[in-house]
Amino acid sequence: MGMEISKIILAFMVLINPFGALSIFLDLTRYHSTRERRKVAQIATFSVFVVICLFTLSGNMLLKLLGISVGSFQVGGGILVFLIAISMMSGNDNPAKPTLDTNSEELAHARRQKPGTIAVVPLAIPMMIGPGGISSVIIYTSTARGYQDTLSILAAGLIISLICYITLMAAARISKFLGDTGLTILNRVMGMLLAAVSVEIIVSGLKALFPDLAA
């Protein structure tokens, strides 16, 4: 049974959640020109795609090296994703991603870095793709049954990277349109969708660990 690319895109969308990185992107690029902002957005989204490709192609090897079964990783990863979803629905930030104070010394130092530097860290990693997103990539990779499934994951990664780029380039307009309240509501909706995704991951893991459950 082939993977449904729409489900993979949904999982990546709610875990990467480019809307959650809008305020950091705007703050980091506050004193940058339009051209520099575009460069930051390009490098950040390309970095996200590279990370997705890296773990898509090496995920199974990583699990084998660590001696972790697919079912165990699915259950563990699903629980992590579910905890993230609960936190998001409660109105909190994603616990698997850092919370940067706009007045912090760390962020002030990041502003002074070159556009290419801040695009990779902290914007792409871990603000957009952190432990939850990486776990999701490995989970889908571990259940891939052929090159077509692998291509589906890579295609979903490409699509979500393009969505991230478009979102970052429209960051000012989106933030102005939605406001803090709109972004909070959107974050909670993302959390609800993420909870549904996590349940499916956990159920798949339990079926892999206990085949009789599938009967």
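In what follows, the structure referred to is the one given above.
The present account deals with the structure reproduced in this document. Values in this document were obtained by computation on a predicted structure and should not be read as measured data. (Residues numbered from 1 in each chain as written. Predicted model: local features only at pLDDT ≥ 70, side-chain atom pairs only at ≥ 80, totals over all residues. Heavy atoms only, no water.)

### What about the pattern of salt bridges?
- The tally for this structure, following the rule as stated, stands at 2 salt bridges.
- Taking the shortest distance from any N to any O, the salt bridge between Lys7 and Glu200 comes out at 3.6 Å. Of the two residues, Lys7 is situated in helix 1 (residues 5-16) and Glu200 in helix 9 (residues 171-209); the sequence distance between them amounts to 193 residues.
- The class of Lys7 is partly exposed, set by a relative accessible area of 36%.
- Arg30 is paired through a salt bridge with Asp27; the nearest N and O atoms lie 2.3 Å apart. (Salt bridge = Lys/Arg side-chain N within 4 Å of Asp/Glu carboxyl O. Helix = DSSP H or I, 4+ residues; strand = E, 2+ residues; numbered from the N terminus. Buried < 20%, exposed > 50% of the residue type's maximum accessible area, 1.4 Å probe, protein only.)

### Points about the packing of helix 1 against helix 7 (residues 131-142)
- Helix 7 packs onto helix 1 with a crossing angle of 165° between their chain directions and a minimal axis gap of 9 Å. In terms of their interaxial angle, helix 1 and helix 7 are classed as roughly antiparallel. Helix 1 and helix 7 meet at a crossing whose hand is right-handed. The residues of helix 7 that touch helix 1, namely those facing Lys7, Ile8, Ala11, Phe12 and Leu15, are Gly132, Gly133, Ser136, Val137 and Tyr140. (Axes fitted to C-alpha atoms, helices over the stretch in contact; angles between N-to-C directions. Parallel < 35°, antiparallel > 145°, perpendicular 65-115°, else oblique. Left-handed = near helix turned anticlockwise from the far one by under 90°. Contact = heavy atoms within 4.5 Å.)

These figures come from the coordinates and say nothing about function on their own.
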